[in-house]
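# Structural overview
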Amino acid sequence: MNYLIEYLCIPATSVESERIVSSTGQLISDRRSRLKPNNVNMLTFLHKNLSFLSIITIQ
């Protein structure tokens, strides 16, 4: 139950959202300008949640 509070709570600052925007900006470059918006969303989600996903697969 504690992991729900940790992962589903609303952040008190905008720092995390700024990190996501920054990492998405690094994802989209001149070489990757043809990525569809849905693919960018999926890649951003995976980048942000990769550590959480690895915890789930280990258990």
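Residues numbered from 1 in each chain as written. Predicted model: local features only at pLDDT ≥ 70, side-chain atom pairs only at ≥ 80, totals over all residues. Heavy atoms only, no water.

## Focus: the overall build of the protein
Helix and strand content of the protein: three helices and zero strands. Tracing the protein from N to C terminus, the helices and strands come up as α-α-α. Buried positions account for 10% of the 59 residues belonging to the protein. About 5,600 Å² of surface is accessible on the protein, with carbon and sulfur atoms providing 60% of the total. (Helix = DSSP H or I, 4+ residues; strand = E, 2+ residues; numbered from the N terminus. Buried < 20%, exposed > 50% of the residue type's maximum accessible area, 1.4 Å probe, protein only. Areas by Shrake-Rupley, 256 points an atom, 1.4 Å probe, with all protein chains shown as cover.)

## Regarding a nonpolar patch on the surface
On the surface, a nonpolar cluster with roughly 300 Å² of combined accessible area is contributed by Leu 4, Tyr 7 and Leu 8. Position of Tyr 7 relative to the elements: it lies in helix α1 (residues 2-8). (Patch = residues over 30% accessible without salt bridge, like charges linked within 9 Å, V, L, I, M, F, W, Y side chains within 5 Å. Salt bridge = Lys/Arg side-chain N within 4 Å of Asp/Glu carboxyl O.)

## A look at the side chain of Thr 24
With respect to the helices, strands and loops of the structure, Thr 24 is situated in helix α2 (residues 15-27). Here Ile 20 takes part through its backbone oxygen, which lies 2.8 Å from a polar atom of the side chain of Thr 24. Within the local environment of Thr 24, its side chain forms a polar contact with the side chain of Thr 44, the two groups lying 3.2 Å apart. Once you skip the residues sitting within four places of it in the chain, Thr 24 turns out to touch Val 40 and Thr 44. (Polar contact = N/O pair within 3.5 Å; in protein donor to acceptor, adjacent residues only side chain to side chain. Contact = heavy atoms within 4.5 Å.)

## Some details on the side chain of Thr 44
Within the secondary structure layout, Thr 44 lies in helix α3 (residues 37-58). Of the residues examined, Thr 44 reaches a relative accessible area of 14% and is grouped as buried. Residue contacts for Thr 44: discarding those within four places in its chain leaves Ile 20, Thr 24 and Leu 27.

## Observations concerning the confidence of the model for the protein
Mean pLDDT over the protein works out to 77, with 80% of the residues at or above the 70 mark. Confidence, expressed as mean pLDDT per element, reaches its minimum in the protein at α1 with 70 and its maximum at α2 with 81. (pLDDT = per-residue confidence, 0-100.)

## Digging into α2
One full turn of an α-helix is made of 3.6 residues, so residues set three or four places apart face in the same direction. The end-to-end C-alpha distance of α2, which contains 13 residues, comes to 18 Å, matching closely the 18 Å that a straight helix rising 1.5 Å per residue would cover. Of all the positions in α2, only Ser 23, Thr 24 and Leu 27 are classed as buried. Buried residues of α2, viewed axially, fall in a sector of 100 degrees; they line one side. Exposed residues lying more than 90 degrees from the buried face of α2 are Glu 18, Val 21 and Gln 26. (Expected span 1.5 Å × (residues − 1). Arc of directions from axis to C-beta.)

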